[in-house]
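As a plain string of letters, each chain reads:
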Amino acid sequence: MTQDELKKQVAAAALQYLKNVPVIGMGTGSTVTHLINQLADCDFKHDIEAAVSSSIKTTEHLQSIGIKVLELNQSGDLEVYVDGADEVTPHRKMLKGGGGALTREKIIAGASKKFVCIVDESKCVDVMGKFPLPVEVLPLSRSFVARQLAKLGGTPELRMNKDSGQPYITDNGCEILDVYNLSIVDPVGMEQSINNIPGVITNGLFAMRDADVVLVGKGSEVITY
Ligand SMILES: O=C[C@H](O)[C@H](O)[C@H](O)COP(=O)(O)O
């Protein structure tokens, strides 16, 4: 199976977690895109009253299939949040934000009782950090934060928008430093240390609020842990 087929397969397995949930939490990325496409055709779509979305892209996709989108301030806490990841460990710690949606994702994850992480097998790692760690920063703090990240052993690079050649701007009007060359042996410590740097909005480690369930598309099956 191709990576995309594995993503589609694991997205299908996540549908069961959204049954009988009136207000669902929805992440961002290509795996979630498959999930929303499948929600459009599933038999319980009309039982879903609304969703809370982690990005403008996901909001537009949900609305295009007829699902109402609420702000988190309107919805209160959620039963279930489903999202992909760029890396996930056997301890269900995740590295996220390859799609730039990390801050809203972390807020919604924090407000959700159950986080269901959906990945293809290529995302499973023992130690995170091979995928560059996204750190969302206030634009005016970018250089200062980059110097602090270098002191932690990383090599930060400002994410660029490939089409415009300008810095990539998040849905929150901020910028992202992608940090290379980190070996994240203490994910909780690293998450806290980076978040303590003034100017950091948040970083892509989901170690303090990790996943409750991980579904992995592997070969012809989906593994749950
Ligand atoms: O900002 C993006 C999110 O954290 C995604 O969940 C993550 O990048 C995984 O995306 P994909 O499902 O496209 O591999």
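Residues numbered from 1 in each chain as written. Predicted model: local features only at pLDDT ≥ 70, side-chain atom pairs only at ≥ 80, totals over all residues.

By the naming in an unreviewed UniProt entry, the chain goes by Ribose-5-phosphate isomerase A and is assigned to Methylomonas methanica. Per its UniProt entry, the chain bears the Catalytic activity (unreviewed entry) comment "aldehydo-D-ribose 5-phosphate = D-ribulose 5-phosphate". (UniProt positions renumbered as here; feature names shortened; annotations may be inferred.)

### Some thoughts on the sheet that holds strand S12 (residues 205-206)
Reading across the sheet, the three strands line up as S5-S6-S12 and stay open at both edges, with antiparallel pairing between neighbours. This sheet does not close on itself; its edge strands, each paired only once, are strand S5 (87-88) and S12. By the bridge criterion, two bridges tie S5 to strand S6 (residues 94-95) in an arrangement that is antiparallel. Residue pairing across strands places Glu87 opposite Leu95, the latter belonging to S6. (Pairing = 2+ DSSP bridges. Helix = DSSP H or I, 4+ residues; strand = E, 2+ residues; numbered from the N terminus.)

### What to know about the domain arrangement of the chain
Interfaces are frequently sized by the accessible area removed from exposure as the parts join. Domain parsing of the chain yields domain 1 (3-124 + 208-224) and domain 2 (133-203). Taking only C-alpha atoms into account, the centre of domain 1 sits 24 Å from that of domain 2. Facing 13 residues of domain 1, the contacting portion of domain 2 comprises 13 residues. Here the side of domain 1 that touches domain 2 takes four residues from helix H5 (residues 102-110), the largest share from any one element. A class-by-class count of the residues in the side of domain 1 that touches domain 2 yields five nonpolar, five polar and three charged. (Domains from an automatic or database assignment. Contact = placed C-beta atoms within 7 Å. Nonpolar A, V, L, I, M, F, W, Y, C, P; charged D, E, K, R; others polar.)

### Describing the site of the ligand
The local shell around the ligand holds 17 residues, among which Gly29, Gly84, Lys96, Gly98 and Gly99 are the closest. When contributions to the shell around the ligand are tallied by element, the ones reaching two or more residues are helix H2 (30-41) and H5. For the shell around the ligand, the class distribution of residues is three nonpolar, 10 polar and four charged. (Near = placed C-beta within 6 Å.)

### So, the pairing of strand S8 (residues 133-137)
For a regular strand, side-chain orientation follows a simple rule: the groups alternate between the two sheet faces. Extensive coverage of S8 is indicated by the burial of five of its five residues. Pairing of S8 with strand S10 (residues 175-180), which is carried by five bridges, proceeds in the antiparallel orientation. Bridge pairing in S10 links Val137 to Glu175. In terms of strand pairing, S8 meets strand S11 (residues 200-203) through three bridges, oriented antiparallel. (Buried ≥ 20, exposed ≤ 12 C-beta atoms within 10 Å, placed from the backbone.)

### Observations concerning unusual backbone geometry
Here Arg92, not a glycine, exhibits a phi torsion of approximately 65°, which is positive. Relative to the helices and strands, Arg92 is located in the loop between S5 and S6. Even without being glycine, Asn181 reaches a positive phi, approximately 65°. Relative to the helices and strands, Asn181 is located in the loop between S10 and helix H7 (187-195).

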